[in-house]
There are 2 protein chains.
Amino acid sequence: MDAITQAAGQLAERIEALGQVTDTPGALTRTFLSPANLAAAAMVSRWMEELGMTVEHDAGGTIRGILAGTAGDLPPLLLGSHLDTVIDAGKYDGALGVLTALAALQVTGPLPFPVHVLGFSDEEGVRFHATYLGSRACVGQLGTEAMEIRDFAGVSLAEALGKEGWNEGATRFSYEDSACLAYVELHIEQGRVLEELGEAVCGVSAICGQSRLAVGLIGQADHAGTTPMEIRRDALAGAAACILAAERCGRSDPLLVATVGKLDLRPGASNAIPGEVKFTLDFRHPDDACRERLLGELLAEFEAIAADRGLKLAWDLVQANPAVPCDPGLTERLLDAIELVTGGRRLLPSGAGHDAVMMATAMPVAMVFVRCRDGLSHHPDEYASPDDMAAGLRVLVGFLQDISKS
Amino acid sequence: MDAITQAAGQLAERIEALGQVTDTPGALTRTFLSPANLAAAAMVSRWMEELGMTVEHDAGGTIRGILAGTAGDLPPLLLGSHLDTVIDAGKYDGALGVLTALAALQVTGPLPFPVHVLGFSDEEGVRFHATYLGSRACVGQLGTEAMEIRDFAGVSLAEALGKEGWNEGATRFSYEDSACLAYVELHIEQGRVLEELGEAVCGVSAICGQSRLAVGLIGQADHAGTTPMEIRRDALAGAAACILAAERCGRSDPLLVATVGKLDLRPGASNAIPGEVKFTLDFRHPDDACRERLLGELLAEFEAIAADRGLKLAWDLVQANPAVPCDPGLTERLLDAIELVTGGRRLLPSGAGHDAVMMATAMPVAMVFVRCRDGLSHHPDEYASPDDMAAGLRVLVGFLQDISKS
């Protein structure tokens, strides 16, 4: 058995072991500063120590294992992902990135440059409804304002860190003040594209920018039996036209996704013409200018639909996040490693957000995706096969060995 | 002041007076066998007696005023509507038909044939979720099976009639066993057509047949960010195509109305592609063969939409009621009377059901519609203007005088 095969076997075992560390028996849940979240950090810390790493933690429970470099004073390469989960989660989202980093270093041993493996304590944002708390803290993005956000119980982030934090021996990780080679994150795809393509791993071009809108249409509620079609102002028929317009818009650009995921209507009776409809629009593209242009075109189409039907249209931009491009040079090196494993140089945009979004505020980032079954994530049936995890491991090992040469 | 103007004034006053008789202070509600429903029947009974009518009631609280004919033993003409209301109702729906009948007889005095004015105790079906209980009882359509239906409290119709019924001195009205000239009902339109046309009253061609369907579409719930458009099976986008197909179908025939009034989707999150949608379809046409043919065409279109999108379609026919045509000869006589009032011979289908549906099982029926503001009914803002009520009264008086001559 070669070293990679052996490390891949241990990786699969560790995914299972870490998947047992939960706050809720029978379901996997590890949220910010919960006992299971800190227990998971402690478990991974021990595995880091077994690799000869120096292990540190911050007050929020993010851990860092440092493997010293062999070539003197070089900027470190950062690897990692997050150790928290959603409620009733799968075992791979986040954990796979941290554990694959450790498995890769077990194969490669120390590299010329230092390697930091990070296990972030919050990416999902379950407790405080604010994502990336772990990586935000590492790049100086958790300011005094963020300290005031509160969880469902009314506890502020500052209070939680003070009372529940892992304060003993805590270090503050301040990557915003230091030069780093890059942050490289491996993650399950959370989509079905690799499965449809029959490919185990791929690179990531960018983490998509996202616009989230709340759209409302107001027409007139009328009796379904007594109101002829030609005098209706049916808000649901108008919404249907908007939904199909959003779909056409999404299909007009292969990198765009446009989704109406939620829809409410009033009065909502089988014999009443809907007078009011509210729906959400989720709009993502790896290129911000494209996203904004296409969204503008779609909203103009919504306006035309509403005007044509005598409906009143209102929309709110609930959220807008810019895209985070992955570093082209690093990504080429990752694709080199991917090509050796899959024969292809597949590059996909990431429709979901990742810790790399925050780390990109301080350094170049790059990402590797590993195929997951049915595109399922945030679900107990989330699954990446041992072969696909091994493929991800081979890519990371190949990449580390490649950049160690230059 | 002529007799009709005087009767119209009294009619408007009585609408207000009857509109005060309610089970719920501050809102108009009179449901089957409720204290207010029986109090309304008693109030109208007194007005019938003032006209010299013989007044009877059945156990369910339906009242009948009989004005004897002047020309010996002729079959009676029936007039009327219902005295029950929905919850938080308007004052005109039902009541206007009963009170206009009384006002017309006040103007005409006794006619050659007997006239029965009926005030049905249940048309809305609020208490037992079964409509037309009043008129059903009058035409022998309340069999032993109907006696077993239960209200929200679990009380059967048989129990309600036994314990709460107006049993003292009750008569059973058995129109199924007797020859009658016709049942003629005046009712607010409950739609906006007369308002759009600027006409106060019209005749009714038929009460539309209705098909009610529950439609389900199953696709695949996926992550809105990570699932490219081309591999989605979005149940909501499929439903949107069906909703627009239903609208196109409704517009293809001026007598058809097709409505999607209710829609539920799952999982129903802004960042999740809807995997499952359920919606209602309400489909009405005055001609049954047309309704069935057009519905068949629409469902074939739904099938094609689902097949094209990789969705699973299921539909249930929840209810199917045949159309009830109004008697052409009687309706021509009503149109003669309408023409004298409005100058036109407008004939509309009724998209809503009425007591005439049940009465048609035993005799010819005809109907007059009176314009109501904004098409609003089943709502406290329901309103017919005094002028429009007077126009309805003039039509009924003209019609009665006309058929009295022949």
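Residues numbered from 1 in each chain as written. Chains lettered and ligands numbered in written order. Predicted model: local features only at pLDDT ≥ 70, side-chain atom pairs only at ≥ 80, totals over all residues. Heavy atoms only, no water.

**A look at the relation of the copies chain B and chain A**
Least-squares fitting of chain B to chain A yields an RMSD of 0.2 Å, with the superposition described by an axial translation of 0.2 Å and a rotation of 180°. Each copy turns onto its partner about a two-fold axis. Relative to the rotation axis, the C-alpha of B:Ala240 is the closest in chain B, positioned 2.1 Å from it. Looking at chain B, 100% of its interface residues are interface residues in chain A too, so the copies touch through the same face. (Least-squares fit on C-alpha atoms with pLDDT ≥ 70 in both. Contact = heavy atoms within 4.5 Å.)

**Topic: the domain arrangement of chain A**
Residues and elements named next belong to chain A. If you check the domain split of chain A, you get domain 1 (3–207 + 323–404) and domain 2 (209–321). With centres defined by C-alpha atoms, the gap from domain 1 to domain 2 works out at 37 Å. Tallying the contact residues gives 6 residues for domain 1 and 9 residues for domain 2. Carbon and sulfur atoms supply 56% of the area buried between domain 1 and domain 2, which totals about 430 Å² over both sides. Looking only at domain 1, the three residues that lose the most surface to domain 2 are Ala323, Pro349 and Gly351, adding up to 82% of its buried area. (Domains from an automatic or database assignment. Buried area = accessible area lost by both parts, 1.4 Å probe.)

**Concerning the side chain of B:Ser135**
Along the chain, B:Ser135 falls in helix α4 (residues 133–138). In contact with B:Ser135, not counting residues within four places along its chain, are B:Phe120, B:Asp122, B:Asp355, B:Met358 and B:Met359. (Helix = DSSP H or I, 4+ residues; strand = E, 2+ residues; numbered from the N terminus.)

**Considering empty space enclosed by the protein**
The final tally for this structure, using the stated rule, is 3 cavities of 30 Å³ or more. Estimated volume of the largest cavity: approximately 90 Å³. Broken down by secondary-structure element, the contributors of at least two residues to the lining of the largest cavity are α7 (235–251) and β9 (257–259) of chain B. For the lining of the largest cavity, the element with the highest residue contribution is α7(B), accounting for 4 residues. Among the residues making up the lining of the largest cavity, the classes are represented as 6 nonpolar, 1 polar and 4 charged. One number sums up the size of the second largest cavity: a volume of about 50 Å³. The set of elements that each furnish at least two residues to the lining of the second largest cavity consists of α8 (235–251) and β9 (257–259) of chain A. (1 Å grid on protein atoms, 1.4 Å probe; cavity = no way out; pocket = protein on both sides within 12 Å on 5 of 7 lines; lining within 4 Å. Points joined across faces, edges and corners; volume = space filled by probe spheres on them. Nonpolar A, V, L, I, M, F, W, Y, C, P; charged D, E, K, R; others polar.)

**Re the side chain of B:Glu124**
Residues and elements named next belong to chain B. Secondary-structure assignment places Glu124 in the loop between β4 (115–120) and α4. Arg30 provides the closest opposite charge to the buried, unpaired Glu124, separated from it by 9.2 Å. For Glu124, the side chain forms a polar contact with the side chain of His378, separated by 3.2 Å. Glu124 has contacts with His82, Asp84, Thr85, Val86, Asp93, Thr131 and His378, leaving out every residue within four places of it along the chain. (Buried < 20%, exposed > 50% of the residue type's maximum accessible area, 1.4 Å probe, protein only. Lys, Arg positive; Asp, Glu negative; His and termini not counted. Salt bridge = Lys/Arg side-chain N within 4 Å of Asp/Glu carboxyl O. Polar contact = N/O pair within 3.5 Å; in protein donor to acceptor, adjacent residues only side chain to side chain.)

**Some remarks on the environment of B:Ile149**
Residue and element names in this part refer to chain B. Examined against the element boundaries, Ile149 turns out to sit in the loop between α4 and α5 (157–164). Residues Ile149 and Arg233, spaced 84 residues apart in sequence, show a C-alpha to C-alpha distance of 42 Å. When near neighbours in sequence (up to four residues on either side) are disregarded, Ile149 contacts Phe128, Ala130, Leu133, Val155, Ser156 and Leu157.

**Quick notes on the packing of aromatic side chains**
Residues and elements named next belong to chain B. Considering all chains together, one arrives at 8 aromatic pairs over all chains under this definition. Each ring, one from Phe32 and one from Phe128, has its centre 6.1 Å from the other, and the planes form 70°; the classification is edge-to-face. Taken together, the positions of Phe32 in the loop between α1 (3–19) and α2 (35–50) and Phe128 in the loop between β4 and α4 put the pair 96 residues apart, joining distant regions of the chain. Per residue, the accessibility class of Phe32 equals that of Phe128, and both read buried. (Phe/Tyr/Trp six-rings, centres within 6.5 Å; stacked < 30°, edge-to-face > 60°.)

**Here we look at the confidence of the model for chain A**
With 100% of its residues at a pLDDT of 70 or more, chain A has an overall mean of 96. The ipTM assigned to the predicted complex is 0.88, against a pTM of 0.88. (pLDDT = per-residue confidence, 0-100.)

**Details of the packing of helix α10 (residues 328–342) of chain A against helix α12 (residues 386–405) of chain A**
Residue and element names in this part refer to chain A. Packing of α10 against α12 leaves a shortest axis separation of 8 Å and a crossing angle of 125°. One way to sum up the angle between α10 and α12 is to call them oblique. Where α10 crosses over α12, the two elements pack in a sense that is right-handed. From α10, Leu330, Arg333, Leu334, Asp336, Ala337, Ile338 and Val341 reach across to α12, where they touch Ala391, Arg394, Val395, Gly398, Phe399, Asp402 and Ile403. Split by residue class, the contact of α10 with α12 holds 9 nonpolar, 1 polar and 4 charged. (Axes fitted to C-alpha atoms, helices over the stretch in contact; angles between N-to-C directions. Parallel < 35°, antiparallel > 145°, perpendicular 65-115°, else oblique. Left-handed = near helix turned anticlockwise from the far one by under 90°.)

**Brief notes about the pattern of salt bridges**
All names here are of chain A. In total, this model carries 43 salt bridges over all chains according to the counting rule given. Close ionic contact of Arg127 with Glu164 constitutes a salt bridge, the shortest N to O distance being 2.8 Å. Of this pair, Arg127 sits in the loop between β4 (115–120) and α4 (133–138) while Glu164 sits in helix α6 (residues 157–164), and the two are 37 residues apart along the sequence. A residue is classified by how much of its surface remains accessible, and Arg127, at 14% relative accessible area, is buried.

**Re the interface of chain B and chain A**
Contact residues are listed per partner, giving 50 residues for chain B and 50 residues for chain A. Carbon and sulfur atoms supply 57% of the area buried between chain B and chain A, which totals about 4200 Å² over both sides. A salt bridge links A:Arg192 to B:Asp222, with the nearest nitrogen and oxygen atoms 2.6 Å apart. On inspection of chain B and its partner chain A, the count reaches 12 residue pairs in polar contact (both at pLDDT 80 or more). Where the side of chain B that touches chain A is concerned, the elements lending two or more residues are α6 (193–197), β8 (222–223), α7, β9, β10 (263–266), β11 (272–273) and β12 (276–285) of chain B. Per-element tally for the side of chain B that touches chain A: the top contributor is α7(B), with 9 residues. When its residues are assigned to classes, the side of chain B that touches chain A shows 22 nonpolar, 15 polar and 13 charged.

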